[in-house]
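# Coordinates in review
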Amino acid sequence: MPSATTAPSAATTPRAAAPRGRALYATAAACGVVAAIAAWAVAEVLAVFVGAASSPLFAVGSWVIDLTPGWFKDLVVGLFGTGDKVFLFVCLGVLVVALACAAGILELVRRPFGALLLGLVGLVALIAVMTRADATYWWLLPTVAGTLVGVYVLVRAIDRLREWTTASQHSRVPTSSPERTRRSFLAFGIGVGAVALIAGVVARTINAGSLAIASARALVHLPRPVMPAPPVPAGADLHLNGLTPYVTPNTDFYRIDTALQIPAIDPDTWKLTIDGMIGNPVTLSFAQLLSLPLEEHAITLACVSNDVGGDLVGNAVWLGYPVRKLLAQAKPRASADMVLSQSVDGFTAGTPLGVLTDTGTDALIAVGMNGSPLPLEHGFPVRMVVPGLYGYVSATKWLSKLTVTRFDQAQGYWTDKGWSAKGPIKTASRIDRPRQGGTIAPGRYAVAGVAWDQRTGIHSVEVRVDNEPWQQARLAETVSADTWRQWVWEWDATSGRHQLQVRATNADGYTQTSTVAPPAPNGATGWHTVSVTVR
Ligand SMILES: Nc1nc2c(c(=O)[nH]1)N[C@H]1C(S)=C(S)[C@@H](COP(=O)(O)O)O[C@H]1N2
Ligand SMILES: [Mo]
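Residues numbered from 1 in each chain as written. Chains lettered and ligands numbered in written order. Predicted model: local features only at pLDDT ≥ 70, side-chain atom pairs only at ≥ 80, totals over all residues. Heavy atoms only, no water.

### Description of the overall build of the protein chain
Put simply, the test is: The helix count covers DSSP runs of H or I at least four residues long, the strand count covers runs of E at least two residues long, and both are numbered beginning at the N terminus. In this setup the radius of gyration rests on C-alpha atoms only. A globule is expected at 2.2 Å times the number of residues raised to 0.38. Burial classes: relative accessible area under 20% of the type maximum marks a residue as buried, over 50% as exposed, and values in between as partly exposed (1.4 Å probe, protein chains only). Should any heavy atoms of two residues lie within 4.5 Å, those residues are considered in contact. Each accessible area value is a Shrake-Rupley result obtained with a 1.4 Å probe; residue values ignore everything except the protein chains displayed when judging cover.
Along the backbone of the protein chain there are 11 helices and 19 strands. Its C-alpha atoms give the protein chain a radius of gyration of 31 Å, clearly above 24 Å, the size a compact globule of 535 residues would have. The C-alpha extent of the protein chain, read off along each of the three principal axes, is 95 × 65 × 60 Å. Expressed as a percentage of the 535 residues in the protein chain, the buried residues total 49%. For the protein chain, contacts bridging at least 24 residues in sequence account for 75% of all contacts bridging at least 6. As displayed, the protein chain has an accessible area near 24,900 Å², and 62% of this comes from carbon and sulfur atoms.

### Focus: the domain arrangement of the protein chain
Our working definition: Segment limits for the domains were obtained from an automatic or database-derived domain assignment. By buried area we mean the combined loss of accessible area, with a 1.4 Å probe, across both parts when two parts are placed together. Whenever Lys or Arg places a side-chain nitrogen within 4 Å of a carboxyl oxygen from Asp or Glu, that contact is recorded as a salt bridge. Any N or O atom pair separated by 3.5 Å or less is treated as a polar contact, with the protein-specific requirement of one donor-capable and one acceptor-capable atom, and with residues adjacent in sequence counted only for side-chain atom pairs.
What the domain assignment lists for the protein chain is domain 1 (10-208), domain 2 (250-417) and domain 3 (428-534). Of note, the centres of domain 2 and domain 3, computed from C-alpha atoms alone, are 30 Å apart. Contacts between domain 2 and domain 3 engage 23 residues on the former and 18 residues on the latter. When domain 2 packs against domain 3, close to 1,500 Å² is buried across both sides, 58% of that on carbon and sulfur atoms. Inspection of the region where domain 2 meets domain 3 yields 0 salt bridges. Where domain 2 packs against domain 3, one counts 6 residue pairs in polar contact (both at pLDDT 80 or more). Of all the elements, strand E3 (residues 295-302) adds the most residues to the side of domain 2 that touches domain 3, at 5 residues.

### Re the packing of aromatic side chains
Within a pair of aromatic rings, the relevant descriptors are the distance that separates the centres and the angle that separates the planes. Rule in force here: Only rings of Phe, Tyr and Trp enter the pairing, Trp through its six-membered ring, and a pair is recorded when the two centres are within 6.5 Å. The plane angle decides the type: under 30 degrees is stacked, over 60 is edge-to-face, the rest tilted.
Counted under the stated rule, the structure contains 11 aromatic pairs. Their ring planes at 20° and their centres at 4.2 Å tell us that Phe80 and Phe87 sit as a pair that is stacked. Where Trp470 meets Trp527, the ring centres are 5.1 Å apart and the plane angle is 80°; that geometry is what we call edge-to-face. With Trp470 in the loop between strand E14 (458-465) and strand E15 (471-472) and Trp527 in the loop between strand E18 (496-506) and strand E19 (528-534), this pair connects stretches of sequence that are 57 residues apart.

### Observations concerning the confidence of the model for the protein chain
Selection rule: Per residue, pLDDT captures the predictor's confidence, and it can take any value from 0 to 100.
Per-chain confidence: the protein chain averages 93 in pLDDT, with 96% of residues scoring 70 or above. Across residues 1-12, where pLDDT falls below 50, the model places 8 contacts with residues more than four positions away in sequence or in other chains.

### As for the site of ligand 1
Stated precisely, the cut-off is as follows: For each residue, the test is whether any non-hydrogen atom lies within 4 Å of the molecule or strand; if one does, the residue is near. In this classification, the charged set is Asp, Glu, Lys and Arg, the nonpolar set is Ala, Val, Leu, Ile, Met, Phe, Trp, Tyr, Cys and Pro, and all remaining amino acids, among them Gly, are polar.
The environment of ligand 1 is formed by 19 residues, the closest being Tyr254, Thr258, His378, Arg383 and Lys397. The backbone of Thr258 places a nitrogen or oxygen atom 2.8 Å from an oxygen atom of ligand 1. Residue Asp345 places a side-chain N or O atom 3.4 Å away from a nitrogen atom belonging to ligand 1. When isolated, ligand 1 has an accessible area of 530 Å², and the protein chains bury 99% of it. Of the residues in the shell around ligand 1, the class split is 9 nonpolar, 5 polar and 5 charged.

### Brief notes about the sheet that holds strand E5 (residues 338-343)
To be explicit about the condition: A pair of strands is treated as paired once DSSP finds two or more bridges between them. Here the axes come from fitting lines to C-alpha atoms, over the contacting stretch only for helices, and the angles between their N-to-C directions go from 0 to 180 degrees.
In space, the 5 strands of this open sheet follow the order E2-E1-E10-E5-E6, with mixed pairing throughout. Strand pairing shows two members of the sheet lacking a second neighbour, strand E2 (282-285) and strand E6 (348-352), which therefore form its edges. Averaged over all pairs of adjacent strands, the angle between their axes in this sheet comes to 15°, without regard to strand direction. Of the pairings in the sheet, the one linking E5 to E6 comprises 5 bridges and is antiparallel in character. What sits directly across from Val339, in E6, is Thr351. Contacting strand E1 (271-276), E2, E5 and strand E10 (399-405), helix H10 (residues 323-330) runs over the sheet at an angle of about 135° to E2.

### Focus on the nonpolar core
Looking at soluble globular proteins, one finds that nonpolar side chains tend to be buried together. Inclusion rule: In these notes, a set of buried Ala, Val, Leu, Ile, Met, Phe, Trp, Tyr and Cys residues joined through side-chain atoms within 4.5 Å is what counts as a nonpolar core.
In this structure, Trp318, Ile365 and Val367 are the most contacted members of the largest nonpolar core, which totals 67 residues. Summarising the domain contributions, this core has at least three residues from each of domain 2 (250-417) and domain 3 (428-534). Aside from chain neighbours lying at most four places away, what touches Val367 is Leu222, Phe286, Leu289, Leu290, Leu294, Leu319, Gly320, Ser372, Pro373, Leu374, Pro381 and Val382.

### Comments concerning the sheet that holds E19
Spatial strand order, E12-E19-E18-E14-E15: 5 strands in an open sheet with mixed pairing. Because the sheet does not close on itself, it has two edges, and the strands there are strand E12 (438-440) and E15.

### Brief notes about unusual backbone geometry
Cis geometry is adopted by the peptide bond preceding Pro381, which originates at Phe380 and carries an omega value of 5°. With respect to the secondary-structure elements, Pro381 resides in the loop between strand E8 (372-373) and strand E9 (383-385). One non-glycine residue, Asn467, lies in the positive phi region at around 65°. By secondary structure assignment, the location of Asn467 is in the loop between E14 and E15.

### A short note on the pattern of salt bridges
In the structure shown here, the tally under the stated rule is 17 salt bridges. Residues Asp257 and Lys397 are paired through a salt bridge, measuring 2.8 Å at the closest nitrogen-oxygen approach. Here Lys397 lies in the loop between E9 and E10 and Asp257 lies in the loop between helix H8 (178-219) and E1, a separation of 140 residues in the sequence. A salt bridge links Asp482 to Arg455, with the shortest nitrogen-to-oxygen separation between them at 2.9 Å. One end of the pair, Asp482, is in the loop between strand E16 (474-475) and strand E17 (485-493); the other, Arg455, is in the loop between strand E13 (443-452) and E14, and 27 residues separate them in sequence. Its relative accessible area of 5% is what places Asp482 among the buried residues. Given the relative accessible area of 33%, Arg455 is considered partly exposed. Salt bridges linked by common partners bring Arg111, Arg156, Asp159 and Arg162 together as one network.

Quick look at the structure:
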């Protein structure tokens, strides 16, 4: 490079000369477009994980549809028919590109107004996202991160454009030669643009897929059960502040799975196959499953990873077909002792065959949860639910296959990862109120919580304060042994710091052990203990 230091600016090759006049504005506008693509791509990729409906593109589109006056909608539908949505997205696209170009030019001529304009567009998108009916705080993430990245890309791109312009006007310094600054500008702009475009399109495709499944779910019409769940007696729910409701609403139900992206399964193409050690292979479509005599059962589901006092447990009314009846059709061989249920996402669970064929156990191939089709994150369209077993060995979501096999021949997903092959749920109880570390007023206070021992049932719950003798709590009603029970104990709270403990005894007379064990390998034990200040 010796010539670079001595060469006059005339040595600048025409190729390396920065654009001027109109061409400069066009280049700045292109920077704005690249920044907008980067913003969109980041938002779209994050929406894959946060939820497809949190994508700003989708939210702004839905928002515009909601805000459009009826006469204009009619006009558009009249003009474009079913292409009305395409028309909407083309309009939005043109608007966004125009704003992006403006942001690029503004950032060049009047820094930082381009960045501010982009930020403003992001803010409008954010309002659209957060005013969607089902928005959660997580939904902020895609749009906020997308906007920040977009602003960063815009500022960096225009900076580089400016460096290039300056260099081609008067630089003789090799580090900022026109060639070098040009390369740095183009590499940044084209690199970011290409990566963003690819990532954005892939993420958009995934998001569109899950939105399509969400609307397929909305169209599912569940049949009435031939055996409805018994109505929840009024006495099952004590309705105390801070006490977990007897039936957990779907939106509050804990979610545990290994799926980074919720599987999008079209119910029209879904099928279940039963294979392995059987006499009669079975396949079942979603429509066939819905036409079977379905039953409804309230079952409390629990996760083996739940700590003592934790909230990875929930109670729902499930609609489905008894696993034992399907297995009866498949005719399992006598030497089989396990059913390996498999999800479309590769997850597997190994469940004792005996539990699934037991006439007293209401294990379900479930399609409904609390009166609606399974939510996408809880296994739509079909999952398994087995009372009395932790979810990791029984509750396969997005179910696709049952293989009748043996525990010495197959194992579930978690079994070689530090968790037991079999996972019966352990007797458990939890204090919901007062909260750990809470403060309450002296006097009467209803200490309350839940206790569960699915299949066996809860016989009694006891509470004690500061290691004094155990006191009997009052149990709320329940519909069966397969669900948790609320309990309450009236406490005459005196000033000071106190420790509350709870323990349950099941219907077989077993009382929860005080021995503290961690969740691995087969469920935590110990008494839930809560400290509270009374003043
Ligand atoms: N496909 C699939 N199904 C799965 C899992 C999973 O990771 N993938 N996790 C299991 C575990 S460990 C539990 S506790 C329950 C939780 O079900 P929920 O998310 O509906 O509460 O689902 C079970 N079914
Ligand atoms: Mo779990």
